[in-house]
Amino acid sequence: REQSEDRASDKVRCLLALLRRLEGDESESVQAIIFVQRRAHCRILYEYVLEHIPSLRAGCLLGQSASTDDAAQGLTNAKRSLEDFSDGVTRILFSTAVSSEGLDISGCGMVIVFDEIASP
């Protein structure tokens with residue numbers, strides 16, 4: 001684990017450090033959304049972070065795709081991810097821009113734009 005973290009980009013290492021601080025402070029219970037531009041990158045980052053911080057209460061919300069896309073997420077899973085975040089089951093939500101469009105997620109105290117999100 002430590003070796004693969006050494007090979008990570010500065011941005012990923014910084015994110016891991018921040019999430020470790022958030023995870024270590026249960027009394028704070030800050031919820032955060034991390035926006036990632038592409039579905040595949042979002043899923044990879046989510047899995048990478050969980051590999052390095054297994055106790056992190058995190059979820060992943062990915063948009064759907066009209067094409068066959070292994071990184072896409074079904075509507076049922078997306079709804080469950082949102083409900084878990086809204087109910088406080090998960091504290092950190094990795095997401096594509098799908099959750100920035102028209103969703104009101106109260107209780108979210110931090111937004112991290114990991115990748116620049118292109119808005120039309």
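Please refer to the structure placed before this passage.
These figures come from a predicted structure and were not determined experimentally.

1. Digging into the overall build of the protein chain
If you tally the helices and strands in the protein chain, you get four helices and four strands. Taken from N to C terminus, the helices and strands of the protein chain fall in the order α-α-β-α-β-α-β-β. Out of the 120 residues in the protein chain, the part that is buried amounts to 39%.

2. Section: the packing of helix α2 (residues 10–24) against helix α3 (residues 39–52)
For the pair α2 and α3, interaxial distance at closest approach is 11 Å and the crossing angle is 55°. Relative to α3, α2 is oriented oblique. Our pair here, α2 against α3, has a crossing hand that is right-handed. When α2 is examined against α3, the residues V12, L15, L16, L19 and R20 are found in contact with a partner set consisting of L45, Y48, V49 and H52. Across the contact of α2 with α3, the residue classes tally to seven nonpolar, one polar and one charged.

3. Considering the nonpolar core
Ranked by internal contacts, the top residues of the largest apolar core, which has 24 residues, are L15, L19, I34, L45, V49, I92 and F94. Looking at this core, the elements with two or more residues in it are α2, β1 (31–35), α3, β2 (58–61) and β3 (92–95). Other than its neighbours up to four places away in sequence, I34 contacts L15, L19, I92, L93, F94, S95, I112 and F114. Counting seven residues, the second largest nonpolar core, distinct from the first, contains I33, F35, A78 and F85.

4. What about the packing of aromatic side chains?
Applying the stated rule across the entire model yields one aromatic pair. With a centroid separation of 5.7 Å and an interplanar angle of 65°, the aromatic rings of Y46 and F94 are classed as edge-to-face. With Y46 in helix α3 and F94 in strand β3, this residue pair connects regions lying 48 residues apart in the sequence. Here Y46 falls in the buried class, since its relative accessible area comes to 18%.

5. A word on the environment of R39
Note that R39 resides in helix α3. Taking the relative accessible area as the measure of exposure, R39 reaches 22% and is therefore partly exposed. On a C-alpha basis, the gap between R39 and S95 in space is 8.0 Å, while along the polypeptide they are 56 residues apart.

6. Considerations on the pattern of salt bridges
A full pass over the atoms with the stated rule returns two salt bridges. With a shortest N-O distance of 2.3 Å, R13 and D10 are connected by a salt bridge. Of this pair, R13 and D10 both sit in helix α2, three residues apart, which is roughly one turn of the helix. Judged by its relative accessible area of 30%, R13 falls in the partly exposed class. Judged by its relative accessible area of 57%, D10 is exposed. Between K11 and D115 there is a salt bridge, with its nearest N and O atoms 3.5 Å apart. Within this pair, whereas K11 is found in helix α2, its partner D115 is found in the segment after β4 (108–113), the two being separated by 104 residues in sequence.

What counts, and at which threshold
- Residues numbered from 1 in each chain as written.
- Predicted model: local features only at pLDDT ≥ 70, side-chain atom pairs only at ≥ 80, totals over all residues.
- Heavy atoms only, no water.
- Helix = DSSP H or I, 4+ residues; strand = E, 2+ residues; numbered from the N terminus.
- Buried < 20%, exposed > 50% of the residue type's maximum accessible area, 1.4 Å probe, protein only.
- Axes fitted to C-alpha atoms, helices over the stretch in contact; angles between N-to-C directions.
- Parallel < 35°, antiparallel > 145°, perpendicular 65-115°, else oblique.
- Left-handed = near helix turned anticlockwise from the far one by under 90°.
- Contact = heavy atoms within 4.5 Å.
- Nonpolar A, V, L, I, M, F, W, Y, C, P; charged D, E, K, R; others polar.
- Core = buried A, V, L, I, M, F, W, Y, C linked by side-chain atoms within 4.5 Å.
- Phe/Tyr/Trp six-rings, centres within 6.5 Å; stacked < 30°, edge-to-face > 60°.
- Salt bridge = Lys/Arg side-chain N within 4 Å of Asp/Glu carboxyl O.

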